Protein chains: 2
Amino acid sequence: MEQKIKFPRSQKVYLPGKLYPNIRVAMRKVEQVPSTSFEGDEKIVTPNPEVYVYDTSGPFSDSSMSIDLKKGLPRLREEWIVSRGDVEQLPEITSEYGQMRRDDKSLDHLRFEHIALPYRARKGEAITQMAYAKRGIITPEMEYVAIRENMNCEELGIETHITPEFVRKEIAEGRAVLPANINHPEAEPMIIGRNFLVKINTNIGNSATTSSIDEEVEKALWSCKWGGDTLMDLSTGENIHETREWIIRNCPVPVGTVPIYQALEKVNGVVEDLSWEIYRDTLIEQCEQGVDYFTIHAGIRRHNVHLADERLCGIVSRGGSIMSKWCLVHNQESFLYEHFDDICDILAQYDVAVSLGDGLRPGSIHDANDKAQFAELDTMGELVLRAWKKNVQAFIEGPGHVPMHKIKENMERQIEKCHDAPFYTLGPLVTDIAPGYDHITSAIGAAQIGWLGTAMLCYVTPKEHLALPDKEDVRVGVITYKIAAHAADLAKGHPGAQVRDNALSKARYEFRWKDQFDLSLDPERAQGYFRAGHHIDGEYCTMCGPNFCAMRLSRDLKKNAHNDKQ
Amino acid sequence: MEQKIKFPRSQKVYLPGKLYPNIRVAMRKVEQVPSTSFEGDEKIVTPNPEVYVYDTSGPFSDSSMSIDLKKGLPRLREEWIVSRGDVEQLPEITSEYGQMRRDDKSLDHLRFEHIALPYRARKGEAITQMAYAKRGIITPEMEYVAIRENMNCEELGIETHITPEFVRKEIAEGRAVLPANINHPEAEPMIIGRNFLVKINTNIGNSATTSSIDEEVEKALWSCKWGGDTLMDLSTGENIHETREWIIRNCPVPVGTVPIYQALEKVNGVVEDLSWEIYRDTLIEQCEQGVDYFTIHAGIRRHNVHLADERLCGIVSRGGSIMSKWCLVHNQESFLYEHFDDICDILAQYDVAVSLGDGLRPGSIHDANDKAQFAELDTMGELVLRAWKKNVQAFIEGPGHVPMHKIKENMERQIEKCHDAPFYTLGPLVTDIAPGYDHITSAIGAAQIGWLGTAMLCYVTPKEHLALPDKEDVRVGVITYKIAAHAADLAKGHPGAQVRDNALSKARYEFRWKDQFDLSLDPERAQGYFRAGHHIDGEYCTMCGPNFCAMRLSRDLKKNAHNDKQ
């Protein structure tokens with residue numbers, strides 16, 4: 001497996017904190033060649049500044065660091081966490097399942113070797129980023145994300161609303177989430193909220209019959225390379241405990257899971273046999289491994305399940321259908337809803353965020369914005385307040401399949417009913433008729449809902465609805481969603497968002513092809529397409545040929561106008 | 001070259017007119033398998049209706065027709081045109097260049113063999129669809145498009161605002177264009193206007209060094225196969241006169257060109273040498289070949305050229321930069337603007353529509369909605385009125401590169417300044433940072449501007465800015481734009497637009513995989529992805545595995561609920 005991540009003419013740089021001078025905020029700097037022009041016979045060479053790029057690739061792209069997947073990444077945040085003095089390292093892992101797996105010698109060959117003992121809040125201590133924020137404390141994590149969001153805006157003289165104090169306030173008021181399980185100190189702090197850069201999540205995960213641990217770790221790095229801000233491990237097959245350990249120990253971005261999947265594996269796929277006890281143990285197991293956020297479908301109420309009966313596509317969320325079935329079979333309220341306060345008590349001890357899963361999200365254009373969906377949203381609004389009461393950071397998952405004219409209602413209603421908690425949507429797909437291209441049908445919706453205020457977009461790959469994504473699908477899915485997120489950042493006017501567009505466009509206009517490639521989201525692909533289509537690397541491209549190059553003509557006009565003035 | 005176009009389980013069908021019982025409006029009908037369910041032990045089989053699909057593939061997808069590219073397509077509209085009694089067939093082509101090419105024996109091996117003599121309006125007759133519409137005449141072309149837009153809505157009981165009279169009114173008032181050069185009788189009538197289905201245009205065309213006639217004709221068919229509604233031939237190399245003849249004679253959709261490209265070839269690429277006389281002869285040459293609409297950059301005024309000086313990317317339109325250079329070199333008003341009435345007089349004689357080219361469209365996010373762009377739009381608004389006075393159908397080209405928050409102003413301003421003439425945009429791209437993925441950056445903008453009222457979207461392929469598209473790029477570009485257009489149709493509530501989404505989603509929910517593929521925009525790709533990723537063709541897919549299939553669980557719940565009720 002290639003363990004180093006490289007981008008052309010790029011350098012990893014670290015900006016220091018001001019409140020915390022020791023923090024080193026990672027970003028990528030892309031070199032540019034100078035512009036050249038002529039005034040008469042004189043050649044004028046004007047340097048072009050380096051462009052700073054938001055970077056999710058962690059230590060893998062730092063050429064000065066040695067990487068050993070078997071040891072895991074450096075534990076960046078451990079010192080910050082420990083020095084706060086409010087957590088303790090446990091003598092052993094506390095979940096029964098975790099202990100059982102640990103003691104099973106037959107798994108030794110699969111096991112990550114350097115498992116550290118987990119941390120947990122000391123009794124009576126409130127150790128979540130939200131708890132600190134409410135108490136007025138700006139943590140190193142908060143300053144880190146403030147710097148990360150702004151990049152080099154200060155140097156460029158671009159005004160920004162994002163200060164460490166602003167970050168703190170957004171977290172305190174629940175408008176933003178900083179996922180930061182104290183047992184995943186390897187992750188670089190990032191923030192999810194509508195007053196920040198729009199983030200994207202990617203899903204990986206093996207299913208019953210496919211994939212190996214190596215493959216999953218490789219996909220995780222691959223996702224981080226192309227720009228995935230968080231990573232959900234949706235594995236449902238064998239050895240998901242061990243696979244998850246490998247992923248978390250090597251993942252520089254927050255990791256999310258859907259614990260009900262693993263709980264269901266533990267009862268051999270028999271939904272009826274699921275119970276609060278099994279689920280609870282699964283939460284603890286994963287909290288202690290370092291999962292940063294859990295999708296929990298606690299918004300499904302027994303009395304709302306039937307609302308999906310009228311639908312064209314019923315329930316398309318896996319977690320949603322599992323919990324609906326459980327409610328109906330037992331004719332009982334969902335144990336996730338009933339035990340939501342207990343869940344939050346557990347999560348608060350590790351600072352795991354809750355992502356309220358939209359089990360009743362629409363799975364077709366026909367079902368968008370229906371009663372089932374909005375009934376669940378109301379419940380989520382109730383739950384988010386309960387989470388915040390326990391200092392648990394929370395965000396809300398959203399659809400799915402929604403035609404463009406119904407997107408706005410989704411966003412406005414979510415903000416209203418869920419009290420400003422961040423929204424995290426899957427697409428939405430704006431039509432159902434293009435399987436094989438659902439990264440595109442959904443990017444159209446994602447860009448719009450991102451602009452309207454959605455904080456994180458869950459990517460969709462070309463294989464959606466058809467098969468599990470391979471590496472190429474992950475790459476295309478991530479880039480497609482970086483496009484949607486960046487388009488939203490531009491439309492929202494995020495500080496400095498347009499710097500890269502302007503630099504790339506200037507390079508394009510000046511025929512600095514290499515800069516055009518290297519400033520792009522996918523330099524390899526851009527350059528590859530160009531190379532395949534060209535013989536000449538001159539001041540025009542084969543699309544137009546030398547006589548028809550608009551930009552060359554346009555530049556010549558400008559030059560002449562300039563010379564005329566002299 | 002494969003000359004037949006096939007879609008799985010599809011049949012070409014023809015609906016008759018009511019006003020004109022002899023017209024046969026082509027569409028594609030897709031079969032579905034029945035749904036099966038169980039009530040207790042009883043198997044219930046419910047048939048699913050055939051789904052009608054808008055079809056741009058012309059006779060190529062009619063298995064009962066024999067195709068001979070050397071003879072060209074059947075001349076569908078010739079009888080309609082001739083029977084109106086207001087055109088005459090000319091004794092010979094009238095453009096000098098056309099005559100020269102005809103007499104050049106060295107071109108015989110390239111030449112289409114069955115060139116018919118051109119038609120032209122009899123003196124004093126106004127023969128454009130707009131002229132008829134203004135006189136209250138509903139032509140067969142108008143009834144054809146009314147039926148085509150509605151598909152089988154009547155049978156399905158779906159209400160529609162689109163009647164032949166509505167079509168007439170929209171054309172009369174300039175809100176819609178029905179491109180229908182009397183010398184391209186092979187084309188099936190279609191309509192471009194914001195109260196109709198959103199259309200897409202594809203560009204093909206060789207440049208100086210690449211491509212052959214065969215390749216260009218093949219690309220044309222390929223574009224029609226995947227759903228291109230019109231086709232622009234942007235060739236700039238050798239033998240473009242002959243290539244164009246082959247394309248038009250075999251093209252079932254309207255063909256557009258940018259005549260200034262060929263005019264420039266005629267003066268060996270020397271912009272200064274362009275003249276009204278050369279341009280005029282080019283217009284006549286192409287009118288008589290059957291081009292259905294011309295992009296004409298008459299909106300660039302001498303005094304507006306300098307407005308682009310402040311830009312990051314100057315002028316990115318080829319036509320725009322050519323005309324700007326001409327204006328500056330000669331220090332004179334553009335001959336396209338000066339002779340616009342003469343141009344319209346020519347176009348009116350063949351019913352060629354004018355597409356007012358946006359020579360000053362922005363080529364970067366930075367330049368969007370600037371003075372240069374909007375100054376040109378004002379001029380276009382003036383020109384469109386002049387075109388309509390001469391009964392010339394007209395539409396307006398638009399950008400380009402525009403961030404999402406600036407898209408709405410483009411549309412609203414265009415409607416206001418251009419008096420409701422249809423808008424035809426290139427994307428717009430909502431960010432500059434993703435060369436290699438500009439079909440996606442632009443589809444995001446295209447879907448939005450289509451929803452807001454843009455009538456036709458010019459496709460962008462993954463190779464935009466990098467190289468000329470190959471066949472795979474054309475396919476991806478067309479499908480991507482079908483997605484954008486269809487998403488806009490859904491959002492606008494076009495009659496029946498959702499029928500296909502609903503059918504495909506129902507098929508998905510019922511695990512009718514074959515129907516899911518065959519109802520999709522690209523059945524081959526959907527099925528290919530599925531096949532590559534699956535061993536089992538059962539009631540779940542390998543994405544979730546058998547225990548985690550939400551839709552299967554959801555269907556089981558529904559079944560049980562149903563059985564409980566009995």
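Cut-offs applied
- Residues numbered from 1 in each chain as written.
- Chains lettered and ligands numbered in written order.
- Predicted model: local features only at pLDDT ≥ 70, side-chain atom pairs only at ≥ 80, totals over all residues.
- Heavy atoms only, no water.
- Least-squares fit on C-alpha atoms with pLDDT ≥ 70 in both.
- Contact = heavy atoms within 4.5 Å.
- Pairing = 2+ DSSP bridges.
- Helix = DSSP H or I, 4+ residues; strand = E, 2+ residues; numbered from the N terminus.
- Axes fitted to C-alpha atoms, helices over the stretch in contact; angles between N-to-C directions.
- Buried area = accessible area lost by both parts, 1.4 Å probe.
- Polar contact = N/O pair within 3.5 Å; in protein donor to acceptor, adjacent residues only side chain to side chain.
- Phe/Tyr/Trp six-rings, centres within 6.5 Å; stacked < 30°, edge-to-face > 60°.
- Buried < 20%, exposed > 50% of the residue type's maximum accessible area, 1.4 Å probe, protein only.
- Lys NZ or Arg CZ within 6 Å of the ring centre and 35° of its normal.

Caption draft 1: Representation of the relation of the copies chain B and chain A. Superposition record for chain B on chain A: RMSD 0.0 Å, screw rotation 180°, translation along axis 0.0 Å. Within this description, the copies of the chain are treated as partners about a two-fold rotation axis. Using C-alpha coordinates, one finds that chain B approaches the rotation axis most closely at Ile444(B), a distance of 2.3 Å. Looking at the interface residues of chain B, 100% of them are also at the interface in chain A, so both copies use one shared face.

Caption draft 2: Seen up close, the sheet that holds strand S11 (residues 230-233) of chain A. All names here are of chain A. Overall, parallel pairing links the 8 strands, which are arranged S10-S11-S12-S13-S14-S15-S16-S17 in a closed barrel. Each neighbouring strand pair of the sheet contributes to a mean axis angle of 25°, computed without reference to strand direction. Pairing analysis gives 3 bridges linking strand S10 (residues 199-204) to strand S17 (residues 456-458), with the strands arranged parallel. Counted as the bridge partner of Asn 201 is Cys 458 from S17. With respect to the sheet, helix H13 (residues 340-348) is in contact with strand S13 (293-296) and strand S14 (353-356), its orientation differing from that of S14 by roughly 140°.

Caption draft 3: Up close: the interface of chain B and chain A. Each side of the interface is counted separately: chain B has 95 residues, and chain A has 95 residues. Together chain B and chain A conceal approximately 8,300 Å² of surface at their shared face, both sides included; 71% is due to carbon and sulfur atoms. Between the two partners, chain B and chain A, sit 12 residue pairs in polar contact (both at pLDDT 80 or more). Mapped onto the side of chain B that touches chain A, the elements with two or more residues apiece are helix H9 (259-266), helix H11 (318-330), helix H16 (438-452), helix H17 (471-492), helix H18 (498-509), helix H19 (513-518), helix H20 (523-533) and helix H21 (550-565) of chain B.

Caption draft 4: Spatial organisation of the packing of aromatic side chains. This model, assessed by the stated rule, comprises 28 aromatic pairs over all chains. Ring geometry for Trp222(A) against Trp226(A): centres 5.6 Å apart, planes inclined by 85°, an arrangement best described as edge-to-face. Of this pair, Trp222(A) and Trp226(A) both sit in helix H7 (residues 213-226), 4 residues apart, roughly one helical turn. Side by side, Trp222(A) and Trp226(A) carry an identical accessibility label, which is buried. Aromatic pair Trp513(B) and Phe530(B): ring centres 4.2 Å apart, planes at 35°, arrangement tilted. Taken as a pair, Trp513(B) in helix H19 and Phe530(B) in helix H20 lie far apart in primary sequence, 17 residues in all. Pair check on accessibility: Trp513(B) and Phe530(B) agree, each one buried. By the ring-pair criterion, three or more aromatic residues cluster together here, those being Trp276(A), Tyr279(A), Trp326(A) and Phe335(A). Taking the ring centre of Phe374(A) as reference, the NZ or CZ of Arg413(A) above it sits at 3.9 Å.

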